[in-house]
Every structure is written in structure tokens, then in C-alpha cells.
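Take a look at the letters that make up each chain.
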Amino acid sequence: MASEQLEEYLETILDIEEQQGVAKTSAIAKCLKIAPASVTEALQVLSEKGFVKYEPYRGATLTDQGMEMARRVKRRHRLLEVFLTEILHIREENVHDEACRMEHTLSDETECALCKLLNAPSRCPHGSLIEACNRKVESCEECLNEAAPAATCTRDEPLIPVTTLEPGQKGTIAFIRGDNSVVQRLTDLGLTLKTEIRLVRKAPLQGPVEIAVRKTKLAIDHAIADHIFVTACGEKSG
Amino acid sequence: MSGGYVSGGCGFRHRHHGGKDVYTVALAGNANVGKSATFNQLTGIDQDIGNWPGKTVERAEGLLQYRGMRIRVIDLPGIYSISALSTEEQVSREFIAHDHPDVVVNIVDASALERNLFFTLQLMELESPLIVAVNQMDLAAKKGITIDIRELSSQLGVPVVPLVAIQGKGIAELSDAIIAAIASPPRPRRIAYGKEVEQRIDSIVEHLPGEVSGYPPRWTAIKLLESDPDTVWDVKKQVPGTVDLAAVKRTELESIHGEPAATILSGERYHAAEQIVTSVVTIGAVGEARRSLTDRIDRIALHPVLGYLLLALMIGGLLVWTFVVGAWISAILTSLLAHIAPIEPLITGSLEDILFNGAWTGLVAALTLIIPYVVPFYLFLALIEDSGFLTRFSLMLDRGMHRMGLHGKAIIPLVLGFGCTVPACLSCRIIESSKQKLLAAFLVTLIPCSARTIVILGVVAVFVNIWWALALYLFDFVLIVILGRLAFRLLPGESVGMIMEMPEYHVPHPPIVLGQTWQRTRSLIGIVLPSYIIGSIVITAAYAAGLLEPINTLLSPITVVLLGLPAVTGVVFVFGIIRKEMTILALAAIFGTTVFSAVLSPVQLIVFAIVTMLYIPCISTIVALAKEFGWKQALSITVIETGLAIALGAAAFRLLSLFM
């Protein structure tokens, strides 16, 4: 299987999984406009490679390895969408397809340069969250301030926004994205780097998330919490 | 590495001590740690206490008389950091930094020592004459947390007093500690931060001429590193070179850590706080029961379906309870007062009679129309607040508030607005950005306060029907949402999201609930009774003197032509500016009857209620708005709402006339 095709599959499964919990063969087929039979075949290959957990008749879910890969592609996709919209002023209806084709060929270096050029955007033009990069930096400032490329080594563990933790799951703050005043506000309340936090619950309708930190509980606006990136500890309890 | 540190010289703070007999003590600390409870215990004044962060929006002051000394006690609003971002935090910061109280009592929550010590460390940087009071020791003990008070005291270098403020435990010890601290101010130990930071602080201190604008050198150096604008400005005037040096040091620090310097320093403080906590706190295995109680309630209160149901029940219950109980108390009071002296709507006889008549009518109206409704409202609200439910409302409604450019915290002033608009406007201070604050206050003035609800009920529900009254209510809420969205688009400035601490639930303490209800009612009586009595005297006197006709004639293009109301309502609306429910009173006085359906048609009654509901917030509200936002904003809101009331009233008159 070509890497481009593989990434496209993982990305699609991630999308469907986020909405429906599990990606059914038929749903994937519909999304990718491919015959269900070929999807089943591809899922078996992905399953052998350890990217997905595939149960016939039920559907596929991403493994940790698959999830990491899918998130990386998603990040590139959304960064490219911002680039195509804001810098190149490509027509809105073409942006998605264009980004889909470009995302598979982007190198780490180009991805980083793109992120810097766009001033570390947090959302794609359609409003979806852009994942954090896996570089070993503690804030966006570090990248943006440096003329020379900053830390080039990458993190071993994937970063996820605190809002994607499951209730009860713990994580360690690795990176807070955003302008200084937001970072300062969060830091003053005890959300410093390397602090362990626990997601208590997410309020319905994309409402605030409740986080336990330093023996107190904070309710944080969903959009602000999206900027707090953690390395998850432990298994998801849900 | 501490070679350059100038340790002495904070004599400026005590220069005014010579022979003075009133000393000042400031209570400071994070939000919701029990400052207000401690304040009440020390001074015996009923300061509002509630279970939500940001309760004390204006600093309260009281007097502690102890062992023959008179000590002013200032209760400051809760604050998490000295580099404060919201108004409530600024009040605290400015007082501690500029007014130099003789003693600062830093109240900390025993259960969340780490977070609280972050602020303590900032006070220590300021070299404040500090006492630390560890409050809610009982709750911490239930959670299995024990704190080595002596060890904490020796680590911080200041006296530490354990407290259970709500029960008054430890208050005598705290008072003793305050007296002792006035006699010899405690000098906090210097807590060393990381090596990279300390080296840079030291090298900046070396280039400072001692104190700058009364601040200790170490504090100034830290603030320069954090590029605090006020400090940079002050230092630039005296030693411009040091500002440049600090900028270099800041860049060095930022390139080592890859974070803004202010964030690095916050991290350092938290690191220091963690270390202190590790050495003084032991956590036993006992008592997860309490925590799980909060979790259990939250499972319902924050449930996607049950939560909203509970919220609707509570708000609905609050309003129903208010008006059922209110009507009951009102009926009892009315019959009681009728025994004393009957209300005579007739305006005849001598001047004295007329004045007395007016005053008595005003008093009766205040006692039967406002107090009965406001007391049950505040009582129920106090229960919701003290138990901790109000913060959950904020959480649940955050998303909806976003549509109006606000966030969940704004629900607190909005709910308060159902009682009285004035304290609700003042409580908008808990919101961080100035745009959102103004927005929230604007919407609060549109919430039907108890006075307006009385008009809607007393005019529409009684003489048209209850459904029209409910429809008016609904119309008001829709209007609030529409205007909120509109104002959000039009007002300049940015909206910031909510970050709020979630307190744990507890069974409401009766003294606190009752005390708070009384305190709020009392302050309202202070506004309501005089304006009622005076207003009523003026209205009857003016009527007797024949002054009302010119006003009515002047306003008749609006009242008669646009709104289709009788000309006499002109004067009614003028008096409604004093208090909204005065419109009912004035209506009754002028028509000489309380059966309004005899003199006004249903359409006129509805139009009258719409206009009363929306036009000019009452005079007390205008003053409160002006105090918070300036006269320009207060008058803009007044003009907008009056225009809106006339426009909507005129539209309603024409529309409703078609089918009613």
C-alpha cells in the first residue's frame, strides 16, 4: 500500500471515529468513494501493520500508532488549508481537495517552516483545531522568536490537547499554545509545564472542561483548553 | 550568589507609624478561601459570603477592637496573582502595593495549599509584613490532609495561624498575632528560585538605587524581568540603564527556557510552593467521602440532560418561590398595615395631610411591594450560592453565553439581576475583559428585576391574564439574546474565555445564608425606603399643586400619539425613573383606583408594561452604571433603552390593536 493511500485511510478513520466512535467499512467506503470490498482488504493490511484494530462487521478503530500518524497528517492538512486560504487566497471550495493532495508530500522541515510563516495558527479555515507539533519546544514563542531553527529533535510521545483526554484520564502539561496573556493566566492558576492534571469532565455542547490541578478544580473555556497540550498518562478509562 | 542582594530598608512602610492609634490590616488571598468569613469574625460585620469565586467585588472595611487597640480591617477581593488581570484583582494589588497596610493577613485554603502559596510567595517578594492564616483546617482534616503549622511558619519566616473561620476557631489567636505583628512586623524569609533566575535578579538588584517608588529592590528586579509596565516606567525615570540591563537578562532567560519570563517566574514560584508543601503536608489515606459527594452531585448537576433540567428547575423554582411566598407575605403585611391607617388615595385637605398621606402611601408600597418579594428571592439565591450550585450554572451555560459574547461567569450577575439591578451591575466586576463587563451590565439592566416583575404581574397578569405576563417575560429574554448578540458585534474590544475555580459543594450554613439575605435586603431597604417615601410625597404634592399637567402635555406626543396611552401616564413614567414599581403606585394615585382594567384597555395595559419593563433603568441603576463605566456609557444605555422601549411599545400598540 502506498504511503499516500495509507495516510488517507488513517485520516478518514480518525474523522469517522471522532464522530461515531468506530469506523464502519461502509462509512469509510462512502467517504473515500471506494468499493466496500477494497476497503475491507485495505483494513486488513492496515491491521497487519498495526495501525488499526479491525473487527469484521463492526469496523475499525485506530491503534495508538495509527492515531499518532493520523494526527500528524491532520495537522499538515489543516496547516496547508490555512496556507492556501490566507497566503495564496485559493478559492474556498478547492482548499480541502488541494490540501488533501499536498499533505502527503510535506517534509518535517517544510511543515515547521509553514507553521512559523503562518504564526502558529490554532485553527484551520473551517474552524477545526490544529494539533500541536511534536518538536521539543515548550511554547510557540520559542520557535517564532528564534531566527535559526530551534530544537530540531522531536518528542517521543504524541501531544494531545487536554480536551481530548477522557474523563478521569491524567496527563502532563507539555506545551501551551497561544499569546502571552493566556499562557500567563493559566500559569498563574497553577497550570505550569510538567504539571500533572486530570480531566474531571467535559461540559456538554463543547462547554468548558473541568480540570483537577494542584488539589483544586478549574473550569476552563473549551477554546482555551484546546491550547493546553499534554502527554497522556495511563490508559483511557472510558 | 546572593551577594548583590540588598536585604535591608523597608522603613518607608512604617514611616507613618509614629504614635498613630488606628492601624490597618488587609486580608488577602485567593478567591473563595474564606476571607469574608474571617473578616466577619474579626469585625462582626456581615460581609456577603457566598460559595463562588469573586464574591467581594469591592473591598469591605470594618473595625477590630482588641486589647484596647483599634484596627481597621480591609477585606480585599480574591486574587490569584499580583500581575493581576481583572478589576477585582487590581483592587487587591493596588491596596497591598500602594496603601502599605501595617499587616497583611494572607488567608490560604488548607486543602489547596500549593495553589495558595503561589500568591503567598508574591506577597513575600513584596516584603509585606505578613501573617499566614491557614483556613478550613477542618475540611482538610476530613480529606486526610495534615499541615505542620510550625514547619510552615519556619519555612516562610512569618507567623502561621490555623483557622476554621466559619466556626470562629483560631480567631483569637489570629487577633493576637495581628497585635504582635503590629508591634514588630514579621520579615518574610527570602525564598530562592532557580539558579538562572536568581543570578539575573541579583545582577539587576546591583544596578538599582535601593527602593524604587517604595518597592523593595528584589521585587523591582523581578518585575523588571517580567517586564511589568508600571515597574519599567518607574525605573526608567531613575535608572534608565537598569531597564536595558533587565531586557538583556530577560532575553537570556527566555532563550534558556523558551518561555516568556513572566511564565518562567510563575513556574519558579509554583516549584517553590511544591517544595514547601512536600515538607509540611502529609496526606493520610482517610476520607475521600467528601470529594466523592461533590463528584456525585456533579454527575447530576453537570449531566447533559439532567443538568439542564436541574438548572431550569432551580431558576424556575427561584422565581415561583419568590412570587408565591412574596404574595403571601405581601398579603399579610397589607392587612396588618391597613389596621394602622388606611391608604387614602384622595388628595385633599391641608398640606400636612397631603404630605403625610404621600409618605404613608410610599411606606406601605415599599413594605408590601418590594420587601416581601426581595427577601424570599435573596434567601433562595443565598442557598444556591452557598451550596456551590451557582458556579455549576456558569459551567452549564457557558456555551450559550458565548453567543452573546459573554462567558459562563456572566450568569452570576444575570441571575442576581432578577432581584435588584444595582448589586447585579456591581457584580459584573468578576468578568475579566472590559468589553464583556459592559456587555454584561447592559444585559443585566434588561433583566426583569423584582420591581419590574411586580409591574408585569400587577398590571398584566392581574388585569389581562397570566399568559400575557409570561409572554412578556419570554419576549424580554428573546430581546436580551438579540441585543446581546448585536452589542457583542458593535462594541469594540476582545472577549476572553472563562477560567474559573470550581468550589466543592457543601450543606449551606444557616448563619451565612441568613446573614447574606439580611445584608442584601438591608442595603436594598437603604435605597428603597427613602426613595419611595420621598417620591410618593413629591408625587402627591405635585399633583395637589397642579404641576402634573404640564409634564403630561409635554410627554403626550410620546404617550398619546406613539403609545396610545392616556396622557396622565406621562407623569407615571417620570416617577418610574425613581423606582420601576412606582409606576403602579403613581397609576393608582392618579386614577384613584387600583382596578386598572377599569381605566385602561388590555392593549394599553400590555403596552404600559412593555414600556415600563424596558425604558430607562431606574435612577439607582444609572448611578451604579456611571460609577462602574462612566457617565457616557450610563447615559448611552439609558438613551438606547428608552428609545427601544418607545419603539417597541409603539409597535406593540399598533400590532395588538389589530386583534385585541
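This structure is a prediction, so every number in the text was calculated from the model and none was measured.

## Remarks on the interface of chain A and chain B
Item 1. With 33 residues of chain A at the contact, the number on the chain B side is 32 residues.
Item 2. Looking at the side of chain A that touches chain B, the elements that each hand over two or more residues are α7 (140–145), α8 (180–188), β7 (216–220) and α9 (222–225) of chain A.
Item 3. Grouping the amino acids of the side of chain A that touches chain B by side-chain chemistry returns 13 nonpolar, 9 polar and 11 charged.
Item 4. Where β7 of chain A meets strand β9 (residues 499–501) of chain B, 3 bridges bridge the pair, whose relative direction is antiparallel. Residue pairing across strands places Ala219 of chain A opposite Met500 of chain B, the latter belonging to β9 of chain B.

## Focus on the domain arrangement of chain B
Residue and element names in this part refer to chain B.
Item 1. Splitting chain B by domain gives domain 1 (11–183), domain 2 (195–283) and domain 3 (306–492 + 512–659).
Item 2. Taken together, the contact between domain 1 and domain 2 spans 19 residues of the former and 21 residues of the latter.
Item 3. Only α3 (113–125), β6 (145–147) and α5 (149–156) provide two or more residues apiece to the side of domain 1 that touches domain 2.
Item 4. Class assignment of the residues belonging to the side of domain 1 that touches domain 2 gives a composition of 9 nonpolar, 5 polar and 5 charged.

## Some details on the pairing of strand β3 (residues 69–75) of chain B
All names here are of chain B.
Item 1. Relative to β3, strand β1 (residues 22–28) runs parallel, the two being bridged by 6 bridges. Bridging across to β3, Val22 finds its partner in Arg70.
Item 2. A loop of 2 residues connects strand β2 (residues 60–66) with β3, the two strands running antiparallel in sequence, and Arg67 in this loop sits at a positive phi of about 45 degrees.

## Section: the sheet that holds β9 of chain B
Item 1. Spatially, 7 strands are ordered β3(A)-β8(A)-β4(A)-β5(A)-β6(A)-β7(A)-β9(B) in an open sheet, and the strand pairing comes out antiparallel. Because the sheet does not close on itself, it has two edges, and the strands there are β3 (160–161) of chain A together with β9 of chain B.

## Some thoughts on the pairing of strand β4 (residues 103–109) of chain B
Residues and elements named next belong to chain B.
Item 1. In terms of burial, β4 is largely enclosed, as 7 of its 7 residues are buried.
Item 2. Of the two faces of β4, the one holding Val103, Val105, Ile107 and Asp109 and the one holding Val104, Asn106 and Val108 are both buried throughout.
Item 3. Note that β4 and strand β5 (residues 130–135) share 6 bridges and pair parallel. Within β5, the position partnered with Val105 by the bridge is Ile131.
Item 4. Each parallel crossover has a hand, and for β4 linked through α3 to β5 it is right-handed.

## Re the sheet that holds β3 of chain B
Residue and element names in this part refer to chain B.
Item 1. With respect to topology, 6 strands assemble into an open sheet ordered β2-β3-β1-β4-β5-β7, the strand pairing being mixed. The sheet is open, and its two edges are formed by β2 and β7 (160–162), each paired on a single side. The average undirected angle you get between the axes of adjacent strands in this sheet is 25 degrees.
Item 2. Relative to β3, β2 runs antiparallel, the two sharing 7 bridges. Looking at the pairing, Glu61 lines up with Ile74 of β3.
Item 3. Along the sheet, α5 makes contact with β5 and β7, crossing β7 at roughly 155 degrees.

Conventions and cut-offs
- For every chain, the first residue of the written sequence is number 1, and numbering continues from 1 onward in sequence order.
- Chains and ligands are labelled by the order in which they are written, letters from A for the one and numbers from 1 for the other.
- At least 70 in pLDDT is required for a residue's local features to be given in this predicted model, at least 80 for side-chain atom pairs to be given and counted, and no such filter applies to totals for whole chains, interfaces and linings, which use all residues.
- Each residue is represented by a C-beta atom placed from its backbone, and any two residues with such atoms within 7 Å are regarded as in contact.
- Comment: elements are numbered from the N terminus, with helices defined as DSSP H or I runs of at least four residues and strands as E runs of at least two.
- Following the grouping adopted for this structure description, the nonpolar residues are Ala, Val, Leu, Ile, Met, Phe, Trp, Tyr, Cys and Pro, the charged ones are Asp, Glu, Lys and Arg, and the polar ones are all others, Gly among them.
- For two strands to pair, DSSP has to find at least two bridges joining them.
- Each domain's extent was defined by an automatic or database domain assignment.
- Exposed residues have 12 or fewer other C-beta atoms within 10 Å of their own C-beta, buried residues have 20 or more, and residues in between are partly exposed; the C-beta atoms are placed from the backbone.
- When the strands point away from the viewer, a crossover counts as right-handed if the path from the first strand over the helix to the second runs clockwise.
- An axis is simply a line fitted to the C-alpha atoms; with a helix, the fit covers only the stretch in contact. Between two such axes, the angle follows the N-to-C directions and lies from 0 to 180 degrees.

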